[in-house]
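Chain residues, written in single-letter form:
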Amino acid sequence: MHLTAPTTRSTGLHDADGAAVASFVLGLLGLLVLNVVLGPIAIALAAVALWRGTHRRGRALLGLSLGVADLLVLAAFMHADHTVSWGF
């Protein structure tokens, strides 16, 4: 008699899809606030999702491009007012 449930193995694909969506959301949010923090996180999550073979490849690529855009926006504002932060 077997009393425990059979174990299932996770392939990590669900985690990769979650990382792709998270990179997109953080990259988009990073355009508005905390781009110095959220941009690199979005880039890293997108890279992890792409490396793990996510089904949401387009979302991961968008997250990657938005993360790069976060850093470019930060660099533009730093060049414009010679500070690391920017305000409205």
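Per-chain numbering applies: the sequence of each chain, read as written, is numbered from 1 onward. Two thresholds apply to this predicted model, a pLDDT of at least 70 for residue-level local features and 80 or more for giving and counting side-chain atom pairs, whereas whole-chain, interface and lining totals are computed over all residues. Hydrogen atoms and water are omitted, and side-chain values are computed over all heavy atoms in the structure.

Engineer: Would you take a moment to explain the packing of aromatic side chains for this structure?
Structural biologist: A ring pair, where both rings are aromatic, is described by two values, the distance of the centres and the angle of the planes. Pairing of aromatic rings covers Phe, Tyr and Trp, the last counted by its six-membered ring, and requires centre-to-centre distances within 6.5 Å; plane angles under 30 degrees mean stacked, over 60 mean edge-to-face, and any other angle means tilted. Under the criterion given, the structure shown has zero aromatic pairs. A positively charged side chain is recorded as over a ring if its NZ (Lys) or CZ (Arg) lies within 6 Å of the ring centre. The angle to the ring normal must also be within 35 degrees. The ring centre of Phe-24 lies 5.7 Å from the NZ or CZ of Arg-59, which sits over that ring.

Engineer: Sorry, what's going on with the side chain of Ser-23 here?
Structural biologist: Topologically, Ser-23 is positioned in helix H1 (residues 13–30). Exposure classes here rest on a 1.4 Å probe applied to the protein chains alone. A residue is buried below 20% of its type maximum, exposed above 50%, and partly exposed in between. Residue class for Ser-23 comes out buried when judged on its relative accessible area of 0%. Setting aside chain neighbours within four positions, we find Ser-23 in contact with Ala-42, Leu-45, Ala-46, Arg-59, Ala-60 and Gly-63. In DSSP terms, a helix is any run of H or I states spanning at least four residues, a strand is any run of E spanning at least two, and both are numbered starting from the N terminus. Every residue pair with non-hydrogen atoms within 4.5 Å of one another is taken to be in contact.

Engineer: Help me understand unusual backbone geometry in this model?
Structural biologist: Both trends apply: most residues other than glycine have a negative phi, and most peptide bonds are in trans. A positive phi angle is found at Leu-34, which is not glycine, with a value near 50°. By the secondary structure assignment, Leu-34 is in the loop between H1 and helix H2 (35–51). According to the relative accessible area criterion, Leu-34 is exposed, its value standing at 56%.

Engineer: Sorry, what's going on with H2 here?
Structural biologist: Owing to its 3.6 residues per turn, the α-helix brings residues three or four apart onto one side. By this rule the span expected of a helix is its residue count minus one, scaled by 1.5 Å. Compared with an ideal rise of 1.5 Å per residue, which puts 17 residues at 24 Å, H2 spans 24 Å between its outermost C-alpha atoms and is within 8% of the ideal. By the burial criterion, the buried members of H2 are Asn-35, Leu-38, Gly-39, Ala-42, Ala-46 and Ala-49. The buried residues of H2 all sit within an arc of 105° when viewed along its axis, so they share a single face. Within two residues after H2, Gly-53 carries a phi angle of roughly 80°, on the positive side. What the arc covers is the set of directions going from the helix axis to the C-beta atoms.

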